[in-house]
Amino acid sequence: MLYSAFIFGLISSLHCIGMCGPIAMMLPVDRQNEAKKVIQIITYHLGRLAAYATIGLIFGLLGRGFFLAGLQQKMSIFIGLAMIAIVLTPEKVFSKYNFSKPVYKIISWVKSSLGNQFKDRSYKSLFTIGLLNGFLPCGMVYVALFGAIAMQSASLGVLYMLLFGLGTIPLMTVVVYVNSLIKLPFRNKIQKAIPYVAVIIGALFILRGLGLGIPYISPSNMSLFVQSTPNCH
């Protein structure tokens, strides 16, 4: 299931361009020194990956709790259904509710701090921009977090989110260099493909939880997360 994180990150990066693209375009990178610019962009991405790894750790620990409680298979089915429900629900339905209200002050602080970092071209500032960028509310990240919860350990939760973040890097890097390369019609076509990808990933999580005995896709109940036969050698 880990491979699905990278694929989803790659596809959903078109959504990232719309939401976080302006941040990438305004990065205080050196426009004259190409080598330095590359290192600065990498530093920014490392900040984003650090944010994704942090939240992956938190939600991976949550998933670990479900695993120890023997609820991991049911949780995998629930998460798959939740992924599908979220992407199929019209956006106007979610717009009726302010899900960010309970953490509005935190989000405001993140945005304010993010704005202040653009005044500095240091590597520390670029890393901080990426870090704060990674913590901004994002529907695609929320969907990816469902995948992190479905993992059976904190380390796999971290790895799942890191792979998701790595999937977003190619197009987010392109935006820094050529922000006009991704034309709106093409972006709209990819945006329409995102729900289909999320539904496929959700279906994989459902199959995984059902334990149908399909190797790699839906292992049997006993071998979902551990070896079906103990290795005593």
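Structure's up top.
Bear in mind the structure is a predicted one, so any value in this text is a computation, not a measurement.

Procedures and definitions
Residues numbered from 1 in each chain as written. Predicted model: local features only at pLDDT ≥ 70, side-chain atom pairs only at ≥ 80, totals over all residues. Heavy atoms only, no water. Axes fitted to C-alpha atoms, helices over the stretch in contact; angles between N-to-C directions. Helix = DSSP H or I, 4+ residues; strand = E, 2+ residues; numbered from the N terminus. Left-handed = near helix turned anticlockwise from the far one by under 90°. Contact = heavy atoms within 4.5 Å. Nonpolar A, V, L, I, M, F, W, Y, C, P; charged D, E, K, R; others polar. Core = buried A, V, L, I, M, F, W, Y, C linked by side-chain atoms within 4.5 Å. Buried < 20%, exposed > 50% of the residue type's maximum accessible area, 1.4 Å probe, protein only. Patch = residues over 30% accessible without salt bridge, like charges linked within 9 Å, V, L, I, M, F, W, Y side chains within 5 Å. Areas by Shrake-Rupley, 256 points an atom, 1.4 Å probe, with all protein chains shown as cover. Salt bridge = Lys/Arg side-chain N within 4 Å of Asp/Glu carboxyl O.

Undergrad: Kindly report on the packing of helix α7 (residues 139-150) against helix α8 (residues 154-177), identifying the contributing residues and their values.
TA: Relative placement of two packed helices is described by the angle separating their axes and the distance separating the axes. Between α7 and α8, the least distance of the axes is 9 Å, while the angle of their chain directions is 145 degrees. Here α7 and α8 pass one another in a crossing that is right-handed. In this structure, α7 uses M140, V141, A144, L145, G147 and A148 to contact α8, whose residues at the interface are G157, Y160, M161 and F164. Split by residue class, the contact of α7 with α8 holds 8 nonpolar, 2 polar and no charged.

Undergrad: Describe the nonpolar core, naming the residues involved and giving the relevant values.
TA: Grouped together as the largest cluster of nonpolar side chains are 26 residues, with contacts concentrated most on F8, V141, Y160, M161, F164, I201 and F205. Of all elements in the fold, only α1 (2-25), α2 (34-68), α3 (72-88), α7, α8 and α9 (184-210) reach the threshold of two or more residues within this core. In terms of residue count, the dominant contributor to this core is α7 (8 residues).

Undergrad: Provide a residue-level description of a nonpolar patch on the surface, including the pertinent values.
TA: There is a patch of nonpolar side chains on the surface, built from V38, I42, L46, F127, Y177 and V178 and spanning about 470 Å² of accessible area. For the nonpolar patch, the leading source of residues is α2, giving 3 residues. Mapped onto the elements of the fold, F127 is located in helix α6 (residues 123-135).

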